[in-house]
Amino acid sequence: MDGDRLVVLAGCNAIGLCLAARLDRMGLGVRVVAQSTGRAALLPACLADAAVIGDPLARSTMQRSELAAADALFATTDHDDRNAALALAGRRMFAIPIVAAHVADPGRAAAYGALGITTVCAETLTASVFTQRVRALAATGILS
Amino acid sequence: MKTLAILIVGCGRLGSHLANLMSADGHGVVVVDRDENAMSRLSSEVFSGYRVVGDAAEPAVLRRARIEHTNLVITTTDDDNTNLMVAIVARRVFGVSHVMARVYDPAREPMYRELGIATVCPTLVAVDGFCALLSRATGAAGGAV
């Protein structure tokens, strides 16, 4: 992917902010949908123009964030159901090729998966990282 | 594999998950949580460790949890300040050789590192997860990361 590619992030919380900065460093085009100007103000200066203020599920917000032209949509709001709804909208209404939703509750990942939604669960991934490190420590005596 | 003596602070979803898994792996595990009800997350089938109800910020509670005989402390509470404080006490006061902490605020990671505490940040782990999806550019429906 390059600067011609557009990734839309719905949600301007810690994950959205860090992800926006990372994708920008990777040279990708980024739009970040924020519920308020206060949240958008937390974006780094280089991404000030990337903010789209509004309800991410409102059609007007979707249009302003250029979802129709997006190559990827990542839903990272603080609400699992909202993220799932955004992912479904991204796939079904806008046919975005790469769509994923963050889920805070690991128990929901399977249910959303059954709906065809790709999920990223911070808690499940965090548990995996801890587990890998403990097992590596037990095997090698070194904690990474 | 070396059998470890592991002290896990916090018996929420993450702490109990790790406790059950590490106990099943054959390690000695002690879990500390202020809330006795949280201990119900520990599996009666696979968890064969010890439960200590108390505030891990109190050294007396950590001693009761046998911290002086522990190889590895993992702090998993929902509060970064608690995780940091307990991790520092484990490392500096009790000299635990290996300490890991969950830290929600990515900005705190460098400070933890300077103190010799390994960290896992759910925010950055999630960012890695999304970036991995992007780099694979799967677009395949229904997968979980």
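Since this is a predicted model, take the numbers as computed values, not measurements. (Residues numbered from 1 in each chain as written. Chains lettered and ligands numbered in written order. Predicted model: local features only at pLDDT ≥ 70, side-chain atom pairs only at ≥ 80, totals over all residues. Heavy atoms only, no water.)

(A) Representation of the side chain of E109 of chain B within the structure. Position of E109 of chain B relative to the elements: it lies in helix α4 (residues 109-114). When near neighbours in sequence (up to four residues on either side) are disregarded, E109 of chain B contacts V103, T119, V120, C121 and L124 of chain B. (Helix = DSSP H or I, 4+ residues; strand = E, 2+ residues; numbered from the N terminus. Contact = heavy atoms within 4.5 Å.)

(B) Representation of the sheet that holds strand β2 (residues 28-33) of chain B. Residue and element names in this part refer to chain B. Read from one edge to the other, the open sheet built from six strands follows the order β3-β2-β1-β4-β5-β6, with strand pairing classed as parallel. Every other strand in the sheet has two partners, leaving β3 (50-53) and β6 (118-120) as the edge strands with one partner each. On average, adjacent strands in this sheet sit at an angle of 20° to one another, irrespective of strand direction. Its contacts with the sheet place helix α3 (residues 80-93) against β1 (5-9), β4 (72-75) and β5 (98-102), and it is angled at close to 175° to β5. (Pairing = 2+ DSSP bridges. Axes fitted to C-alpha atoms, helices over the stretch in contact; angles between N-to-C directions.)

(C) Broad picture of the packing of helix α6 (residues 122-140) of chain A against helix α5 (residues 122-136) of chain B. Two numbers describe how α6 of chain A lies on α5 of chain B: the axes approach to 8 Å, and their chain directions differ by 100°. One way to sum up the angle between α6 of chain A and α5 of chain B is to call them roughly perpendicular. In this structure, α6 of chain A contributes A122, L125, T126 and V129 of chain A to the contact, and α5 of chain B contributes P122, V125, A126 and G129 of chain B. In terms of residue class, the contact of α6 of chain A with α5 of chain B is made up of six nonpolar, two polar and no charged. (Parallel < 35°, antiparallel > 145°, perpendicular 65-115°, else oblique. Nonpolar A, V, L, I, M, F, W, Y, C, P; charged D, E, K, R; others polar.)

(D) Seen up close, the interface of chain A and chain B. On the side of chain B, 43 residues touch chain A, which itself brings 46 residues to the contact. For the pair chain A and chain B, the summed buried area comes to about 3600 Å², and 74% of that belongs to carbon and sulfur atoms. Of all residues in chain A, F130, V134 and A138 of chain A give up the largest surface area on contact with chain B, accounting jointly for 18% of the area buried on that side. At the boundary of chain A and chain B, one finds four salt bridges. Note that R135 of chain A is salt-bridged to D25 of chain B, the shortest N-O span being 2.7 Å. Connecting chain A to chain B are six residue pairs in polar contact (both at pLDDT 80 or more). Contributing elements (two or more residues each) for the side of chain A that touches chain B: α1 (14-25), β4 (72-75), β5 (98-102), β6 (119-120) and α6 of chain A. Here the side of chain A that touches chain B gets 13 residues from one element, more than from any other, and that element is α6 of chain A. Looking at the side of chain A that touches chain B residue by residue, the class counts come to 30 nonpolar, 10 polar and six charged. (Buried area = accessible area lost by both parts, 1.4 Å probe. Salt bridge = Lys/Arg side-chain N within 4 Å of Asp/Glu carboxyl O. Polar contact = N/O pair within 3.5 Å; in protein donor to acceptor, adjacent residues only side chain to side chain.)

(E) Highlighting the packing of aromatic side chains. Under the counting rule described, the total for this entry stands at one aromatic pair over all chains. Aromatic pair F74 of chain A and F130 of chain B: ring centres 4.8 Å apart, planes at 40°, arrangement tilted. Placement of the pair is F74 of chain A in strand β4 and F130 of chain B in helix α5, with the two residues belonging to separate chains. The same class applies to F74 of chain A and to F130 of chain B, which are both buried. (Phe/Tyr/Trp six-rings, centres within 6.5 Å; stacked < 30°, edge-to-face > 60°. Buried < 20%, exposed > 50% of the residue type's maximum accessible area, 1.4 Å probe, protein only.)

(F) Summary view of the pairing of β1 of chain B. Residues and elements named next belong to chain B. A large share of β1 lies buried, amounting to four of its five residues. Examined bridge by bridge, β1 and β2 share five bridges and lie parallel to one another. By the bridge assignment for β2, A5 is matched with G28. Once the chain exits β1 it traverses helix α1 (residues 13-24) before rejoining the sheet at β2, and the crossover so formed is right-handed. Bridge analysis of β1 against β4 gives four bridges, and the strand direction is parallel. Its bridge partner lying in β4, I6 is registered against L72. (Right-handed = clockwise from strand over helix to strand, strands pointing away.)

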